[in-house]
Amino acid sequence: MAKILVIDDEPSILESLNMFLTEKGHLVFTAETGTMGLELFSKNSFHVVIMDIRLPDLNGLDILQTMIKKKKTSKIIMITAFQDMETTIVAIKRGAFDYIHKPLDVVKIEKAVNRAINILEIDRETPALEPVNEISVNPWVIIGKSEKMRKIFKMMGLVCNSRVNVLLQGETGTGKELIARVIHLNSSFKDEPFVVFDCSAVVATLLESELFGHEKGAFTGAETTTMGKIEQAGNGTLFLDEIAQLPLAIQGSLLGFLQRREYTRVGGSRTLKSKCRIIAACNCNLADKVNKGVFKEDLYYRLKVFMIEVPPLRERLSDTPLLVEHFLNKINRELGTMVTKLQDGVMEMLVNQTWKGNVRELENTIAQALVGCRGNVLLKDDIHKLLNVKNRSQKMGLESYSLAHVEKDHITKTLSQLQWNKTNSAKLLGISLPTLRSKIKKYKIHKSDTQ
Ligand SMILES: Nc1ncnc2c1ncn2[C@@H]1O[C@H](COP(=O)(O)OP(=O)(O)OP(=O)(O)O)[C@@H](O)[C@H]1O
Ligand SMILES: [Mg+2]
């Protein structure tokens, strides 16, 4: 049983919701004006509030804001005749749990109320994660305690104070750029610039001038003398990302620079010097590129004076939980969300997922889940929806994604959402009650599976 407050100025709606929800076993309070509603809200603790947006005295969206500020756990469902996107966005942004359009459909109301009660229950049972620590607030922190990451930290410690060239090799999203930045930030020249040059992002004809700069009039369109990335890096670090994509011709010029530490701007004759530290990165095996003749061997050896292989996430699964907590804290701060709890089972789902895009994909998934999460618990359902079906079917074997599996899953979810009310579940599923009963038997669905 839940304690529910309904605020609406239309007596017929108030009356019918009161009757409907009381019949479902809830304790219902009603208010015809915003002021009355707010007063009841302040004096009681409700599980759920159902509120019209257009009220005679106050605007429902403003009441919503006042209620959210009181930091009670109530889930607030807005109802309205407005169909516009803007009001919906404002309501959700201000913290509404759900938003239902008129004419009212009691099945939708019941679903939303049951979902709210379910989440409140999960919330009560779920312990909060550790509070944010100082380290997590630093955007350039590398999270990881696995043996492989500890090895990398040691290697970083060895190179950070020298200016030797470093080559970072690892799959996409494993943290190569982050490692490069942290090496720079721990060097004695950390106050000098850190400049990124993405070798794949610039058209081949402009690469040379982007890297070495150009003199005024060097080519059509060169209206002023411009510094290249090497010059911009000064005595700091130049991060050459996607180095494998550098065309052979430019590889030659870069090699020349690395050998002599001298260069000239395109169209210029003056010799310039630079002692910037070079960190290069690639997400393929650069030695293979050398074997295929698309990467200069001399340049390869120059760059890999110190080579760090960054392992994919699947080879350091013990780091995933730490990363998940770190990203929750980080994204909560960025988005202003307050998700501090994970429903039982969510961490396992995240650890067992194959993240082809590694840490970046994990971070993006958590961000997406937080955007869709209403409340402070990240639910299995939130994650489930996001995880790539293809990946999952690969992991679980195709058989688990048979039609029968999908049907069982769908029925189980519906029953769970409707708190095992079979009549309503059958209606929602569009099947008769006897059919639902036979399917529950056939698939051996038990109430305990849905909790
Ligand atoms: N160990 C880690 N701890 C915390 N954040 C991490 C870690 N590894 C990666 N990240 C984060 O994941 C995202 C991707 O990392 P990064 O851009 O460094 O990957 P990358 O290896 O350069 O990928 P790509 O090859 O696709 O350019 C960034 O937001 C980064 O901050
Ligand atoms: Mg990168």
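Residues numbered from 1 in each chain as written. Chains lettered and ligands numbered in written order. Predicted model: local features only at pLDDT ≥ 70, side-chain atom pairs only at ≥ 80, totals over all residues. Heavy atoms only, no water.

Within the structure shown, the criterion is met by 16 salt bridges. Lys-24 serves as the salt-bridge partner of Glu-110, at 3.7 Å between the closest nitrogen and oxygen. Of this pair, Glu-110 sits in helix H5 (residues 106–125) while Lys-24 sits in the loop between helix H1 (11–23) and strand E2 (27–31), and the two are 86 residues apart along the sequence. Exposure remark for Glu-110: the relative accessible area of 8% places this residue in the buried category. With a closest N to O distance of 3.1 Å, Arg-181 and Glu-177 form a salt bridge. (Salt bridge = Lys/Arg side-chain N within 4 Å of Asp/Glu carboxyl O. Helix = DSSP H or I, 4+ residues; strand = E, 2+ residues; numbered from the N terminus. Buried < 20%, exposed > 50% of the residue type's maximum accessible area, 1.4 Å probe, protein only.)

Okay, unusual backbone geometry next. Cis geometry is adopted by the peptide bond preceding Pro-103, which originates at Lys-102 and carries an omega value of 0°. By the element assignment, Pro-103 lies in the loop between strand E5 (98–101) and H5. Here the phi dihedral of Lys-71 falls at roughly 55°; this positive angle occurs in a residue that is not glycine. For Lys-71, the position within the fold is in the loop between helix H3 (60–69) and strand E4 (75–80). Backbone geometry at Arg-261 places phi at a positive 60°, although glycine is not the residue there.

Let us now look at the site of ligand 1. Lining the immediate surroundings of ligand 1 are 17 residues, of which Ile-143, Thr-172, Gly-173, Lys-176 and Glu-363 lie closest. A distance of 2.8 Å separates an oxygen atom of ligand 1 from a polar atom in the side chain of Glu-363. Burial of ligand 1 by the protein amounts to 87% of the accessible area it has alone, namely 630 Å². Elements with a minimum of two residues in the shell around ligand 1: helix H8 (176–185), helix H14 (320–335) and helix H16 (358–372). (Near = heavy atom within 4 Å. Polar contact = N/O pair within 3.5 Å; in protein donor to acceptor, adjacent residues only side chain to side chain. Areas by Shrake-Rupley, 256 points an atom, 1.4 Å probe, with all protein chains shown as cover.)

So, about the side chain of Lys-439. By secondary structure assignment, the location of Lys-439 is in helix H21 (residues 433–442). Discounting residues that sit within four places of it in the chain, Lys-439 has contacts with Glu-407, Ile-411 and Ile-431. (Contact = heavy atoms within 4.5 Å.)

Glancing now at the packing of helix H2 (residues 34–43) against H3. Running from N to C, H2 and H3 point in directions that differ by 10°, and their axes come no closer than 11 Å. Relative to H3, H2 is oriented roughly parallel. For the crossing formed where H2 meets H3, the hand is right-handed. Along the contact surface, H2 presents Gly-34, Leu-38 and Phe-41, while H3 presents Ile-63, Thr-66 and Met-67. (Axes fitted to C-alpha atoms, helices over the stretch in contact; angles between N-to-C directions. Parallel < 35°, antiparallel > 145°, perpendicular 65-115°, else oblique. Left-handed = near helix turned anticlockwise from the far one by under 90°.)

Of all hydrophobic cores here, the largest spans 32 residues; its most connected members are Leu-211, Leu-238, Leu-240, Ile-243, Leu-254 and Phe-257. Going through the elements one at a time, strand E7 (194–198), helix H9 (204–212), helix H10 (229–233), strand E8 (237–241), helix H11 (248–260), strand E11 (277–282), helix H12 (286–291) and helix H13 (297–303) are the ones with two or more residues in this core. If one sorts the elements of this core by residue count, H11 sits on top with five residues. If we skip the residues at most four places from it in the chain, Leu-211 touches Phe-197, Gly-228, Lys-229, Ile-230, Leu-238, Leu-240, Ile-250 and Leu-254. Leu-350, Leu-362, Leu-370 and Ile-383 belong to the second-largest nonpolar core, a separate cluster that totals 25 residues. (Core = buried A, V, L, I, M, F, W, Y, C linked by side-chain atoms within 4.5 Å.)

Where nonpolar side chains cluster on the molecular surface, the patch consists of Val-203, Leu-206 and Phe-219 and spans about 230 Å² of accessible area. If you trace the backbone, Val-203 turns up in the loop between E7 and H9. (Patch = residues over 30% accessible without salt bridge, like charges linked within 9 Å, V, L, I, M, F, W, Y side chains within 5 Å.)

With that settled, consider the domain arrangement of the protein chain. Along its sequence, the protein chain is carved into domain 1 (3–125), domain 2 (147–313), domain 3 (317–392) and domain 4 (402–451). Taken over C-alpha atoms, the centre of domain 2 sits 58 Å from the centre of domain 4. (Domains from an automatic or database assignment.)

Within this structure, the stated rule accounts for five aromatic pairs. Ring centres of Phe-194 and Phe-239 lie 6.1 Å apart, and the angle between their planes is 20°; this geometry places the pair in the stacked category. Of the two residues, Phe-194 is situated in strand E7 and Phe-239 in strand E8; the sequence distance between them amounts to 45 residues. One exposure class covers both Phe-194 and Phe-239, and it is buried. With a centroid separation of 5.7 Å and an interplanar angle of 85°, the aromatic rings of Phe-257 and Tyr-263 are classed as edge-to-face. Pair check on accessibility: Phe-257 and Tyr-263 agree, each one buried. (Phe/Tyr/Trp six-rings, centres within 6.5 Å; stacked < 30°, edge-to-face > 60°.)

To continue, consider the sheet that holds E2. Pairing is parallel in the open sheet, where five strands are placed in the order E2-E1-E3-E4-E5. Because the sheet does not close on itself, it has two edges, and the strands there are E2 and E5. Strand after strand, the sheet turns through a mean of 20° between neighbouring axes, direction not considered. H2 rests against strand E1 (3–7), E2 and strand E3 (48–52) of the sheet, and its axis sits at about 140° to E2. (Pairing = 2+ DSSP bridges.)

Put simply, H9 and H11 touch, their axes get as near as 10 Å, and they point 20° apart. Considering the angle they form, H9 stands roughly parallel to H11. The hand of the H9/H11 crossing is right-handed. Contacts between H9 and H11 involve Leu-207, Glu-208, Leu-211 and Phe-212 from the former and Ile-250, Ser-253, Leu-254 and Phe-257 from the latter. A per-class count over the contact of H9 with H11 returns six nonpolar, one polar and one charged. (Nonpolar A, V, L, I, M, F, W, Y, C, P; charged D, E, K, R; others polar.)

This next bit is on a negative patch on the surface. Taken together, Glu-121, Glu-125, Asp-344 and Glu-348 make up a surface patch of like negative charges. Within the fold, Asp-344 resides in the loop between strand E13 (341–342) and helix H15 (346–352). On the basis of relative accessible area, Asp-344 is assigned to the exposed category, the value being 67%. (Lys, Arg positive; Asp, Glu negative; His and termini not counted. Charge placed at Lys NZ, Arg CZ, Asp CG, Glu CD.)

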